[in-house]
Amino acid sequence: HDYMNILFTIRSYLEENEIDDLKKYFYETILITEKNTLLKNSLTSDLKNLGIIELKGILITRFIMALNENINIHIEIPKKIDEIPMDIIHLSRVVGILIDNAIEGSLNSKEKFTRLAILETQHNSILLVIENSFENEGLNIKDMYTSFVSTKGGNHGIGLMNLLEIIKKYPHISINTHIENNIFIQAVEFMKER
């Protein structure tokens, strides 16, 4: 039905001999709509092993925005993940903060990429790894988790403080932040309850 509606619209432009308007409609409406549909389908396929609906929704939304900014996205979830041992609201906030920061960081870099991996480890844990390209201008990781310290200036820096406050509530969760070859890496390990 969608394609028939598009064809009828195109036919109307052709019958009225409105070629310039048809070109505008094609490039500004049809191509953009189809591109977004393909992107969403591709992301949904990449996230097929993530069985946490709330998290999947956040990731699809953020990654579509990133792709529209020409940021390359790579997702690796090799095994089915149906549960991460953390309250879903807290988990959503933590992942949202990390993904938003990764996308913002990669926006100003030359390579522009963000990678996400969610893996089960041999140590009875789930490992969430988010990597992004960024321009390293003397970033001090220790300062990042201090109130209002940010490379973005202004009133930024609250997100990471909030993230730490959430993680402090969970003794079975740890976060490791480091930089390697101009790649910013955040790894959160969720130990499963024994």
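Here, the structure is the one placed above.
Worth saying up front: this structure is predicted, and the values here are computed from it rather than measured. (Residues numbered from 1 in each chain as written. Predicted model: local features only at pLDDT ≥ 70, side-chain atom pairs only at ≥ 80, totals over all residues. Heavy atoms only, no water.)

Chemist: For the pairing of strand β4 (residues 173-180), give the residues involved together with the corresponding values.
Modeler: Two strands pair when backbone bridges link them, and β4 and strand β5 (residues 183-191) are joined in this way by 8 bridges, in the antiparallel orientation. Across the sheet, Thr 177 pairs through a bridge with Gln 186, a residue of β5. Joining the antiparallel neighbours β4 and β5 is a turn of 2 residues, in which Asn 181 adopts a positive phi near 50 degrees. (Pairing = 2+ DSSP bridges. Helix = DSSP H or I, 4+ residues; strand = E, 2+ residues; numbered from the N terminus.)

Chemist: Mind laying out the environment of Thr 121, listing which residues take part and the relevant values?
Modeler: With respect to the secondary-structure elements, Thr 121 resides in the loop between β2 (113-120) and β3 (125-133). On a C-alpha basis, the gap between Thr 121 and Met 191 in space is 9.4 Å, while along the polypeptide they are 70 residues apart. Apart from the residues within four sequence positions on either side, Thr 121 is in contact with Leu 127 and Glu 189. Among the polar contacts listed, one links the side chain of Thr 121 to the backbone nitrogen of His 123, at a separation of 3.1 Å. Here the side chain of Thr 121 touches Ser 125 through a polar contact of 2.6 Å, side chain to side chain. (Contact = heavy atoms within 4.5 Å. Polar contact = N/O pair within 3.5 Å; in protein donor to acceptor, adjacent residues only side chain to side chain.)

Chemist: I'd love a proper account of the pattern of salt bridges, names of residues and values included.
Modeler: By the definition in use, this model includes 6 salt bridges. Its salt-bridge partner being Glu 120, residue Lys 192 comes within 3.1 Å of it at the nearest N-O pair. Here Lys 192 is found in the segment after β5, whereas its partner Glu 120 is found in strand β2, with 72 residues between them in sequence. Judged by relative accessible area, which is 27%, Lys 192 ranks as partly exposed. Glu 165 is paired through a salt bridge with Lys 168; the nearest N and O atoms lie 3.2 Å apart. Its relative accessible area of 44% is what places Glu 165 among the partly exposed residues. According to the relative accessible area criterion, Lys 168 is exposed, its value standing at 61%. (Salt bridge = Lys/Arg side-chain N within 4 Å of Asp/Glu carboxyl O. Buried < 20%, exposed > 50% of the residue type's maximum accessible area, 1.4 Å probe, protein only.)

Geometric values such as these leave the question of function open.
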